[in-house]
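These are the residues of each chain, in order.
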Amino acid sequence: FKIHLHHQNNRVKRMENITGKVALVTGASQGLGRVIALELAKAGCRVIVNYANHSGNAEKVVAEIVAAGGAAEPFRCDVSDEPAVRAMFAALEERFGGVDILVNNARIDPWRREASMSEGEWFDRVLSINLKGALLTSVAFMPKAMERRYGRIVNISSVRAFRAAEPNMIAYGVSKLGMHGLTRAFAEQGAPFNVTCNTVAPGMILTENIAKRLTPEKYAEECSAIPMRRGGTAEEIADAVLFPIRNGYVTGETININGGMYYAP
C-alpha cells in the first residue's frame, strides 16, 4: 500500500515564521525574561513586557526593543493575582486581538527571602508566583488560543527541578518541578487545536544578578560541577525558548540546556 503525505501548498512544513505574533513574556523586566523579550522582538513579534514591580526596568526593555525597530508594550500584572491575570488577557485581547505566544518566566528570586518569613510563608510565596502564576496565565491563554487554533506556551523551569535541593532552595526546586506537570497538562489539552506547550529547563545562567549572588570563588565552585565548566548565556537559553515556538510539532517536551549538568533519558 502507499502512504500519501499531504503538505500544505505541497511543501514540507518548516520552522514557522512568527512575525506579527503577539508574545507575552512574564517577568520580562530583567534577566532571562529581558533577553527572551528581545529575541522574540527580533523574530518579528509584538512583545508584551510583563512586570510586577520594576516599571523602570520594563520601560528600558521596551525602549531597547523599539530602538532596534521592534514593537513592544509594558504591562504591569502580578501573575499570582487571579483577577489581575484575567484582566490582563482581556485587555490584550481588546488591544491586540489576543496573545499568540506565552512564555511563563516570572519567578521570585530564591536568594531574596526576607529573614522574618517562616518556612510555610516562604513556600507559599514562591509557589504563588513561580507555579500558580504560570497556571493562571495558561488557563487565561488557552480558550482563545484553541479557538484560533494557534498558540505556543513555553514554561521556564530549571535544572534544579531534577536535583536534590539544599534547605534554602526546596521551595524553588518544587515550584520548578511543578512546571513540568503544567506542561504535560496543557500540551495534552491543546494538541488537537495546534496549541503546544513545552518546558525549557536551564542550568546556571549568566545574568546581571549572578555577580550579586556569587563570589568569584563560589562561581568557580559552581562551574566545576558543570561538564562544560561555565554558565550559559541568556541568549543561549533564549535560543532554546524560540525553538518550540517556531516548531509546531514539538509539544509536552523538556528542553534541557545546562552545559551537561543533567543528561535527560
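Every chain begins its residue count from 1, and numbering advances along the sequence as written. For a predicted model such as this one, the threshold for reporting local features is a pLDDT of at least 70, and the threshold for listing and counting side-chain atom pairs is 80 or more; totals across whole chains, interfaces and linings nevertheless cover every residue. Values reported for side chains reflect all heavy atoms of the structure, with hydrogen atoms and water molecules removed beforehand.

A short note on the overall build of the protein chain
- For the protein chain, the count of helices and strands is eight helices and nine strands.
- Relative to its length of 265 residues, the protein chain is compact, with a C-alpha radius of gyration of 19 Å against a globular reference of 18 Å.
- Seen through its C-alpha atoms, the protein chain measures out along the principal axes to roughly 60 × 45 × 35 Å.
- Burial analysis of the protein chain (265 residues in total) assigns 47% to the buried set.
- By sequence separation, contacts in the protein chain at least 24 residues apart represent 72% of the contacts at least 6 residues apart. Under the DSSP-based scheme used, a helix requires at least four consecutive residues in state H or I and a strand at least two consecutive residues in state E, with every element numbered from the N terminus. The globule rule is 2.2 Å times the number of residues to the power 0.38, and the radius of gyration it is compared with is taken over C-alpha atoms. For every residue, the accessible area (1.4 Å probe, protein chains only) is compared with the maximum for its type, and the residue is labelled buried under 20%, exposed over 50%, or partly exposed between those bounds. Should any heavy atoms of two residues lie within 4.5 Å, those residues are considered in contact.

What to know about the side chain of Ser128
- Residue position: Ser128 is located in helix α4 (residues 119–148).
- Since its relative accessible area comes to 14%, Ser128 is described here as buried.
- Identification of polar contacts relies on pairs of N or O atoms within 3.5 Å, with a donor-acceptor requirement for protein atoms, meaning one able to donate a hydrogen and the other able to accept it, and with residues adjacent in sequence counted only if both atoms are side-chain atoms. One polar contact links the side chain of Ser128 to the main-chain carbonyl oxygen of Arg125, over a distance of 2.8 Å.
- Those residues in contact with Ser128 that lie beyond four places of it in its chain are Ser80 and Gly133.

Details of unusual backbone geometry
- With a phi angle near 60 degrees, Arg149 is a residue other than glycine that sits in the positive phi range.
- Residue placement: Arg149 occurs in the loop between α4 and β5 (151–156).
- Located in the positive-phi region is Asn194, a residue other than glycine, with phi close to 65 degrees.
- Tracing the sequence through the fold places Asn194 in the loop between α5 (170–190) and β6 (195–202).
- Judged by relative accessible area, which is 31%, Asn194 ranks as partly exposed.

Side note on the pattern of salt bridges
- Salt bridges are defined as contacts in which a side-chain nitrogen from Lys or Arg sits within 4 Å of a carboxyl oxygen from Asp or Glu. Scanning the entire structure with this criterion turns up 12 salt bridges.
- The partner of Arg113 in a salt bridge is Glu119, with the nearest N and O atoms 3.3 Å apart.
- If you follow the salt bridges from partner to partner, you end up with Arg46, Glu73 and Arg95 in one network.

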